[in-house]
Amino acid sequence: MNMLPPHIPFAQFGQSCSKFFRLSDTCNILVVGNTGAGKSTLIHHALDKPIEKGITRGISREPYRNKKGSVSIYDSEGLERNSKQVKEVVLRFLEKKKQSKNCNNRIHLIWYCLNYQSANREGNLEADWINKLANYAPVLLVVTRSPRNKESYVEQLISQTDCNLKIDTVVRVRAEAEMHDELLEAHGLDRLCEASEKVLNDRTNSLIQEAIGSMKMSAVKWIGEGAFLRGLLGIIPGTSYAGIVPLVRNGILKRMFRGVSSGFHFNCTEEDLAAISKWSLLLETSAVLQEKLSEVDWQGFNSMTEALQWISESIKNFADSFLLENEMFSNLSDTLSKWAEFSWNLPFAMHPALAIFFVVETAFLAIAWMQVLEEAKLDFYEGNSDVDLKSRMDEKLQQMLDWMTQWVPKESSESQSYAAT
Ligand SMILES: Nc1nc2c(ncn2[C@@H]2O[C@H](COP(=O)(O)OP(=O)(O)OP(=O)(O)O)[C@@H](O)[C@H]2O)c(=O)[nH]1
Ligand SMILES: [Mg+2]
């Protein structure tokens, strides 16, 4: 007898989702729905894995995975019995997963199971609850124990244009054959696999945006710290401008570059640091910046905080013109002013211009590096990992230099009036 291996619907899950799998190693799915809707049975047949029989309690501590590891499915307790409490458990679980910076730990899809009988009766759909879930991940409505070709009441409802339900797709499934007057065959799990892949693909770009956003937030913290610490050098009496090149190799900037790079999961090696410190464009940019800042009348400021606020305002045009999105910019200047408030309400004396110069120069350089890494990361998600960071950084620095050359810092009288307000 010719024994075929059993068909496992989710064995190859994710074959059409290569972009997503550059972001995450696995797709995490949470299965929710009413008690007895057939959630556990669905997982059992999707993966051909033994699942705990009987009433499920809580949420599975470890997900059920296919052999490849491309899909990880969390089973959950049914909703009727203890509805409010179970809902809270589910929301807490989703919230916790959402906090994770690592995409591997997030919930990427939700299967909301409703059996055909309930789906075919009015009043069984908890729209508010489903819409709440949809804030965390796209929701697929799985109509369980459903005839293959018969639309349920709920499906008709969803297809109406004025329906406010945040459901991405509906899939009809019967995970296990049933015997009634006749044999009702199992069906739908392959469709559920395809539909899940499709929804996942549609969602991948926004997942990438979120991931990049949190990488940038972490980078900005490093930049704020690095710029601040380097600025401190400017108020230490006797400090003279030694140039940024040796500083790239010194502790403060090394730490900052490493931090920014690690936020993007890039490794910043000694060689990279050596390359960064060799850029001649960097020297040129520094020279232009120093010249521009030397035109400012620093005596118009009463404290370092004020001076930093002024510089934030001034470089805002810079942000608007090409380099930074507003949100990033304000985050950076917040970081800087927090640092400033923290310990810089010192009288504005000694070497203020030098301190400001250090802060701005460091921040510009690090922001350029951050943007290079961001673009490299986006390319990586598109499937191109062969990116020349050095030539990209050259381009960025050139852009920055062009901007800097045209930059006119505010007149000293303006800075004075700013300081007075
Ligand atoms: N024949 C058949 N039986 C099913 C199917 N889905 C669920 N059942 C039966 O319905 C009952 C409940 O199924 P479960 O998979 O345990 O349902 P559940 O949603 O996990 O239930 P809770 O964990 O209590 O919330 C079991 O007796 C299953 O055998 C199906 O597709 N076909
Ligand atoms: Mg169960």
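Since we're looking at a predicted model, the values are computed, not measured.

**Here's the deal with the overall build of the chain**
Logical step 1: When its secondary structure is counted, the chain shows 16 helices and 8 strands.
Logical step 2: The buried share of the chain, taken over its 421 residues, is 38%.
Logical step 3: Long-range contacts, defined here as pairs at least 24 residues apart, represent 79% of the contacts in the chain between residues at least 6 apart.

**Brief notes about the site of ligand 1**
Logical step 1: Around ligand 1, the structure places 18 residues, and the nearest of them are Gly38, Ser40, Thr41, Thr56 and Gly78.
Logical step 2: When residues in the shell around ligand 1 are grouped by element, the largest group, 3 residues, is from helix α2 (residues 39-47).
Logical step 3: Here the residues of the shell around ligand 1 are counted per class, giving 3 nonpolar, 9 polar and 6 charged.

**So, the pairing of strand β5 (residues 139-144)**
Logical step 1: Where burial is concerned, most of β5 is hidden: 6 out of the 6 residues are buried.
Logical step 2: Residues Val139, Leu141 and Val143 point to one face of β5 and Leu140, Val142 and Thr144 to the other, with burial holding for every one of them.
Logical step 3: Pairing between strand β4 (residues 109-115) and β5: 6 bridges, direction parallel. Within the sheet, the bridge partner assigned to Ile110 lies in β5 and is Val139.
Logical step 4: One ladder, built from 4 bridges, connects β5 with strand β6 (residues 169-172); its direction is parallel. Opposite Val143, over in β6, you have Arg172 as the bridge partner.
Logical step 5: Taken together, β5, helix α6 (residues 153-159) and β6 constitute a β-α-β crossover, and its handedness is right-handed.

**Topic: the confidence of the model for the chain**
Logical step 1: Confidence along the chain averages 82 in pLDDT terms, with 80% of residues attaining 70 or more.
Logical step 2: Predicted confidence for residues 412-421 stays below pLDDT 50, and this span has 15 contacts to residues more than four positions away or in other chains.

**Some details on helix α3 (residues 83-99)**
Logical step 1: In this model, α3 (17 residues) spans 24 Å end to end at C-alpha, consistent with the 24 Å of a helix rising 1.5 Å per residue.
Logical step 2: Along α3, the positions that sit buried rather than exposed are Val86, Val90 and Leu94. End-on view of α3: buried residues confined to an arc of 70°, all on one side of the axis. The outward face of α3, more than 90 degrees from its buried face, is lined by the exposed residues Lys84, Gln85, Glu88, Arg92, Glu95, Lys96 and Gln99.

**Notes on the sheet that holds β4**
Logical step 1: Pairing within the open sheet is mixed, and its 6 strands lie in the order β2-β3-β1-β4-β5-β6. Whereas interior strands pair on both sides, the edge strands pair on one side only; in this sheet they are β2 (64-65) and β6.

**As for α2**
Logical step 1: Of all 9 residues in α2, 7 are buried, a share of seventy percent or more.
Logical step 2: One or two positions beyond α2, positive phi appears at Asp48, with a value near 55°.

**Brief notes about unusual backbone geometry**
Logical step 1: Its identity is not glycine, yet Asp48 carries a phi of approximately 55°, on the positive side.
Logical step 2: In this structure, Asp48 sits in the loop between α2 and β2.

**Points about the environment of His187**
Logical step 1: Relative to the assigned elements, His187 resides in the loop between β8 (183-184) and α7 (189-235).
Logical step 2: Of the residues examined, His187 has 16 C-beta atoms within 10 Å and is grouped as partly exposed.
Logical step 3: On a C-alpha basis, the gap between His187 and Ser146 in space is 8.9 Å, while along the polypeptide they are 41 residues apart.
Logical step 4: What His187 contacts, discounting residues up to four positions off in sequence, is Arg148 and Arg174.

**Brief notes about the nonpolar core**
Generally speaking, nonpolar side chains in soluble globular proteins are found buried as a group.
Logical step 1: Judged by nonpolar contacts, the single largest core of 89 residues is most densely connected at Val31, Ile110, Tyr112, Val142, Ile223, Val260 and Trp369.
Logical step 2: Residue contributions to this core peak at 16 residues, all from helix α14 (residues 352-381).
Logical step 3: Shared between two domains, this core holds at least three residues of each, these being domain 1 (18-187) and domain 2 (208-420).
Logical step 4: Leaving out residues up to four positions away in the same chain, Val142 has contacts with Leu42, Trp111, Tyr112, Cys113, Val171, Val173 and Leu192.

**Some details on the environment of Cys113**
Logical step 1: Secondary-structure assignment places Cys113 in strand β4.
Logical step 2: Separated by 28 residues in sequence, Cys113 and Leu141 have C-alpha atoms that sit 6.1 Å apart.
Logical step 3: When sequence neighbours within four positions are dropped, the list of residues in contact with Cys113 reads Val31, Gly33, Ala37, Gly38, Lys39, Leu42, Val142 and Thr144.

Criteria and cut-off values
- All residue numbers refer to positions counted from 1 along the written sequence of the respective chain.
- Labels are handed out in written order, letters beginning with A for the chains and numbers beginning with 1 for the ligands.
- Totals for whole chains, interfaces and linings use all residues, but because this is a predicted model, local features are given only for residues with pLDDT of at least 70 and pairs of side-chain atoms are given and counted only at 80 or more.
- Numbering goes from the N terminus for both helices and strands, where a helix is a DSSP run of H or I of at least four residues and a strand is a run of E of at least two.
- Burial is judged by counting the other C-beta atoms within 10 Å of a residue's own C-beta: 20 or more makes it buried, 12 or fewer makes it exposed, and any count in between marks it as partly exposed, with every C-beta position built from the backbone.
- Two residues qualify as being in contact provided that their C-beta atoms, derived from the backbone, are within 7 Å of each other.
- Nearness here is judged by the C-beta atom: place it from the backbone, and if it falls within 6 Å of a molecule or strand, the residue counts as near that partner.
- Ten residues, namely Ala, Val, Leu, Ile, Met, Phe, Trp, Tyr, Cys and Pro, are considered nonpolar, four, namely Asp, Glu, Lys and Arg, are considered charged, and the remaining ones, Gly among them, are considered polar.
- A pair of strands counts as paired when DSSP detects no fewer than two bridges linking them.
- A right-handed crossover is one whose linking path, passing over the helix from the first strand to the second, runs clockwise when the strands point away from the viewer.
- Known as pLDDT, the predictor's per-residue confidence is scaled from 0 to 100.
- Under the convention used throughout, the expected extent of a helix is 1.5 Å for every residue step, that is, one less than its residue count.
- An arc is given here, and it is the one of the directions from the helix axis to the C-beta atoms.
- A set of buried residues qualifies as a nonpolar core if it consists of Ala, Val, Leu, Ile, Met, Phe, Trp, Tyr and Cys joined through C-beta atoms within 7 Å.
- Each domain's limits were defined by an automated method or a database of domain assignments.

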